[in-house]
Amino acid sequence: MSTLMFLFFQLCVLSYALLGGVFLAFSDFIMRALGKTGGVAGAETMQLINREVFRWVFMSLFLGMAAASAIVALYGAFNLDSPVGTTALLAGLIYLVGCFAVTVFFNVPMNEALAEMDTSSEQTLVYWTDVYLPRWTRWNTVRACACAVSSVLLLMALLAMANAGIP
């Protein structure tokens, strides 16, 4: 493995951990606090958050890690005979499935549905409390866990590389 790939893996470990921290904060206390705002104030706030998330820092990190995870997984797939291959493959795939795909197929559709709702409607309050809060938070927790597991697996790969004298 080249020094460049070794550094790339280190950057990925840090990025997985940063994204996992953002998702963990939402699952642990932000969504709970929004749920306690009463009425649809939480839904209104989440609509604002969902518009603001498209800033370049978070989206660059989130989308960039999808591409980086594909590279990590491909590296692992082509190096299954090394001590690093399997853990790298798993790290990349877990992020792609457990974070990126979950976001695309579960969290984003709920965000889009909420964005279209009139917050003065009783239907919005029912959707917010009975559907959005529990489901979105559950899937968000999956994303946090996937990022944490990917970070740990890639860190294990880096340790194996260091123990083997790689790079």
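Residues numbered from 1 in each chain as written. Predicted model: local features only at pLDDT ≥ 70, side-chain atom pairs only at ≥ 80, totals over all residues. Heavy atoms only, no water.

J.: Please clarify how the nonpolar core should be interpreted in this entry.
T.: Note that soluble globular proteins tend to have their nonpolar side chains buried in a common cluster. If you look at the biggest cluster of nonpolar residues, it comprises 29 residues, and the most contacted ones within it are Phe9, Leu19, Phe23, Tyr95 and Leu154. The set of elements that each furnish at least two residues to this core consists of helix 1 (3-35), helix 3 (56-78), helix 4 (85-115) and helix 5 (122-163). Excluding residues that lie within four positions of it along the chain, Leu154 makes contacts with Phe9, Cys12, Val13, Tyr16, Val72, Ala88 and Ala91. (Core = buried A, V, L, I, M, F, W, Y, C linked by side-chain atoms within 4.5 Å. Buried < 20%, exposed > 50% of the residue type's maximum accessible area, 1.4 Å probe, protein only. Helix = DSSP H or I, 4+ residues; strand = E, 2+ residues; numbered from the N terminus. Contact = heavy atoms within 4.5 Å.)

J.: Explanation requested: the packing of aromatic side chains in the structure shown.
T.: Here a ring pair, both rings aromatic, is described through the centre-centre distance and the interplanar angle of the planes. In the structure shown here, the tally under the stated rule is 11 aromatic pairs. With a centroid separation of 6.5 Å and an interplanar angle of 50°, the aromatic rings of Phe8 and Phe9 are classed as tilted. Using a relative accessible area of 21% as the deciding quantity, one classes Phe8 as partly exposed. Accessibility expressed as a relative area gives 0% for Phe9, which makes it buried. Taken together, Phe26, Tyr127, Trp128, Tyr132 and Trp136 form an aromatic cluster joined through their ring pairs. (Phe/Tyr/Trp six-rings, centres within 6.5 Å; stacked < 30°, edge-to-face > 60°.)

J.: I keep staring at the state of the cysteines and nothing clicks. Help me out?
T.: Linking two cysteines covalently through their sulfur atoms gives a disulfide. According to the stated counting rule, one finds 0 disulfides in the structure shown. Of all cysteine sulfurs, the one in Cys147 lies closest to Cys145, which takes part in no disulfide; the gap is 9.4 Å. (Disulfide = S-S within 2.5 Å.)

J.: Please clarify how the environment of Ala146 should be interpreted in this entry.
T.: Of note, Ala146 is situated in helix 5. C-alpha separation for the pair Ala146 and Phe100, spaced 46 residues apart in sequence, amounts to 9.4 Å. Contacts of Ala146, omitting those with residues within four sequence positions, involve Ile94, Gly98 and Cys99.

J.: Explain the environment of Met31 to me, please; I cannot follow it from the model alone.
T.: Among the structural elements, Met31 can be located in helix 1. On the basis of relative accessible area, Met31 is assigned to the buried category, the value being 2%. Between the C-alpha atom of Met31 and that of Asn140, which follows or precedes it by 109 residues, the distance is 10.0 Å. Contacts of Met31, omitting those with residues within four sequence positions, involve Phe26, Met46, Trp128, Tyr132, Leu133, Trp136 and Thr137.

J.: How do you make sense of a nonpolar patch on the surface when you look at a structure like this?
T.: A contiguous nonpolar patch, built from Leu11, Leu14 and Leu18 and spanning about 290 Å² of accessible area, is present on the exposed surface. Mapping Leu11 onto the fold places it in helix 1. (Patch = residues over 30% accessible without salt bridge, like charges linked within 9 Å, V, L, I, M, F, W, Y side chains within 5 Å. Areas by Shrake-Rupley, 256 points an atom, 1.4 Å probe, with all protein chains shown as cover. Salt bridge = Lys/Arg side-chain N within 4 Å of Asp/Glu carboxyl O.)

J.: Which parts of the structure should I look at to understand the pattern of salt bridges?
T.: Where charged atoms of side chains with opposite charge meet at close range, the side chains can pair. Scanning the entire structure with this criterion turns up 1 salt bridge. For Arg55, the salt bridge is made with Glu52, and the minimal N-O distance between the two is 2.6 Å. Judged by relative accessible area, Glu52 falls into the partly exposed class, the value being 43%.

J.: Looking at this structure, how should I read the environment of Pro134?
T.: Locating Pro134 in the fold gives a position in helix 5. The class for Pro134 is partly exposed, based on a relative accessible area of 33%. Here the alpha-carbon distance between Pro134 and Arg32, two residues 102 residues apart in the chain, equals 9.7 Å. Pro134 has contacts with Trp128 and Thr129, leaving out every residue within four places of it along the chain.

J.: Would you explain helix 4 in this entry?
T.: Because each turn of an α-helix spans 3.6 residues, side chains separated by three or four positions in sequence point in the same direction. With 31 residues, helix 4 extends 42 Å between its outermost C-alpha atoms, agreeing within 8% with the 45 Å of an ideal straight helix rising 1.5 Å per residue. The largest bend in helix 4 is about 50°, located at Thr103. (Expected span 1.5 Å × (residues − 1). Bend = angle between axes of the 7 residues up to and from the residue.)

J.: Please clarify how the side chain of Ser15 should be interpreted in this entry.
T.: With respect to the secondary-structure elements, Ser15 resides in helix 1. For Ser15, a relative accessible area of 7% corresponds to the buried category. Residues in contact with Ser15, not counting those within four places in the same chain, are Leu61 and Met65.

Keep in mind these numbers describe shape, not what the thing actually does.
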